[in-house]
Amino acid sequence: MREQGQFLPGVALPEAEDGFDFGETRESASGQALQAGKVAGAGHRARLRERLLNGGAEALADYEVLEYLLFAAIKQGDTKPIAKALIAQFGSLAGVLNADPKALQRVKGVGETSAAALKSVATAARRMTRSEIIKKPVLGSWQALIDYLTTDMAHLTVERVRILYLDTRNRLIEDHHLGDGSIDEAAIHPREVIRRAMDLGASAMILVHNHPSGSPEPSRADIQITQRIAEAGRHMGVTVHDHVIIGRQGHSSLRAKGLI
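Residues numbered from 1 in each chain as written. Predicted model: local features only at pLDDT ≥ 70, side-chain atom pairs only at ≥ 80, totals over all residues. Heavy atoms only, no water.

Draft legend 1. Representation of the packing of helix H2 (residues 62–70) against helix H6 (residues 112–131) within the structure. The interhelical angle for the contact between H2 and H6, taken along N-to-C directions, is 120°, at an axis separation of 9 Å. Along this stretch, H2 crosses H6, giving a crossing that reads as right-handed. Where H2 approaches H6, its residues Leu-66, Leu-69 and Leu-70 are matched on the opposing element by Ser-114, Ala-117, Leu-118 and Val-121. (Axes fitted to C-alpha atoms, helices over the stretch in contact; angles between N-to-C directions. Helix = DSSP H or I, 4+ residues; strand = E, 2+ residues; numbered from the N terminus. Left-handed = near helix turned anticlockwise from the far one by under 90°. Contact = heavy atoms within 4.5 Å.)

Here it is in structure tokens:
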């Protein structure tokens, strides 16, 4: 059975994820209080559901969205304290959905089933945004690309480098995870990047990485390695369209900044 969180006296605890029975063997008064808590909780859930279905995208606060998502794993009881604890721990709804499952389970009231329910939403969001760029000219779907990259990378706690290899019509051939770590020549070898482009038959690429600090502003190393790869690509007929840096505070384009 999961560890209990801190809840108000007289309010029913969320039902455990393994189907914990709220106890027909308890004393009558206690059982009546629990039953009343269940009824009150059911009413709250019904009101949230109605607001979600009828009120539009902004009908629920971020913690209320989390409350509703937790209903899938916690069948009865008040999930609001857990939702608020998650927001406090990870800073935002996006931070919660992108958190490591083991980190989620360190919050009182969150078990494996709850963590899986939250991660399934994050996975669905990534696949939905990815579907907007598959088989489409990436340069003509730029905002969709940024949405996909932001959903996937903005809340990572490590720096991740990716190369988007494109065909002659600028459609995505491969979204290649090059590696994790600081962006320099120790992590990125321009010749290997270009060699993979040649192996794939790619005619262009977009470099992508994230800044866990939150700021998407390019560093000197970001600019230097981009220019080296762009120069190597020119000799082999492979164009570097851009280098996009993703952070929680937004994104930066080295092309837009005139650095390529």
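Next comes the rest of the write-up.
Draft legend 2. Region of interest: the pattern of salt bridges. Applying the stated rule across the entire model yields nine salt bridges. For Arg-126, the salt bridge identified is with Asp-152, shortest N-O distance 2.7 Å. Highlighted residues: Arg-126 in helix H6 and Asp-152 in helix H7 (residues 142–153), separated in sequence by 26 residues. Taken together, the salt bridges that share partners define one network made up of Arg-126, Asp-152, Arg-162 and Asp-175. (Salt bridge = Lys/Arg side-chain N within 4 Å of Asp/Glu carboxyl O.)

Draft legend 3. Looking closely at the side chain of Ser-141. Its location among the elements puts Ser-141 in the loop between H6 and H7. On the basis of relative accessibility, which here comes to 16%, the residue Ser-141 falls in the buried class. Sequence-distant contacts of Ser-141, defined by excluding residues within four places in its chain, comprise Glu-132, Ile-133 and Lys-136. (Buried < 20%, exposed > 50% of the residue type's maximum accessible area, 1.4 Å probe, protein only.)

Draft legend 4. A look at unusual backbone geometry. The phi dihedral of Asn-170 is positive, around 60°, even though this residue is not glycine. Within the secondary structure layout, Asn-170 lies in the loop between strand E1 (160–166) and strand E2 (172–180). Judged by its relative accessible area of 18%, Asn-170 is buried.

Draft legend 5. How the structure looks around the pairing of E2. Note that E1 and E2 share seven bridges and pair antiparallel. Following the sheet pairing, Leu-166 is matched in E2 by Leu-172. Between E1 and E2, which pair antiparallel and follow one another directly, the connecting turn spans five residues, one of which, Asn-170, has a positive phi of 60°. (Pairing = 2+ DSSP bridges.)

Draft legend 6. Fine view of the nonpolar core. With 18 residues, the main nonpolar core has Leu-145, Leu-149, Ile-206, Val-208 and Ile-246 as its most contacted residues. At the level of elements, H7, E1, strand E3 (204–210) and strand E4 (239–247) are the ones that each hand at least two residues to this core. Ranked by size, the runner-up nonpolar core spans 16 residues in total, among them Leu-66, Ile-74, Val-107 and Leu-118. (Core = buried A, V, L, I, M, F, W, Y, C linked by side-chain atoms within 4.5 Å.)

Draft legend 7. The arrangement of the environment of Gly-181 in detail. Tracing the backbone shows Gly-181 in the loop between E2 and helix H8 (190–200). Spatially, the C-alpha atoms of Gly-181 and Val-161 are 7.7 Å apart, while their sequence positions differ by 20 residues.

Draft legend 8. Molecular detail of the sheet that holds E3. Spatial ordering of the open sheet is given by E2-E1-E3-E4-E5, a layout of five strands whose pairing is mixed. At either margin of the open sheet sits one strand with a lone partner, and together these are E2 and strand E5 (250–253). Sheet twist, expressed as the average angle between the axes of neighbouring strands with direction ignored, equals 20°. Of the pairings in the sheet, the one linking E1 to E3 comprises six bridges and is antiparallel in character. Directly across from Arg-162, in E3, lies its bridge partner Val-208. Running at roughly 160° to E4, helix H9 (residues 220–236) makes contact with E3 and E4 of the sheet.

Draft legend 9. Spotlight on the packing of aromatic side chains. Summed over all chains, the structure comprises one aromatic pair. Ring geometry for Tyr-68 against Phe-71: centres 5.1 Å apart, planes inclined by 55°, an arrangement best described as tilted. Accessibility expressed as a relative area gives 25% for Tyr-68, which makes it partly exposed. For Phe-71, a relative accessible area of 11% puts it in the buried group. Directly above the aromatic system of Tyr-63 lies the positively charged group of Lys-84, at a separation of 4.8 Å from the ring centroid. (Phe/Tyr/Trp six-rings, centres within 6.5 Å; stacked < 30°, edge-to-face > 60°. Lys NZ or Arg CZ within 6 Å of the ring centre and 35° of its normal.)

Draft legend 10. Main features of the packing of H6 against H7. Look at H6 against H7: their axes get within 8 Å of each other, and the N-to-C directions meet at 160°. Put simply, H6 runs roughly antiparallel to H7. As H6 packs across H7, the resulting crossing turns out to be left-handed. Between H6, through Ala-125, Arg-126, Thr-129 and Arg-130, and H7, the contact on the second element is made entirely by Ala-144, Asp-147, Tyr-148, Thr-151 and Asp-152. (Parallel < 35°, antiparallel > 145°, perpendicular 65-115°, else oblique.)

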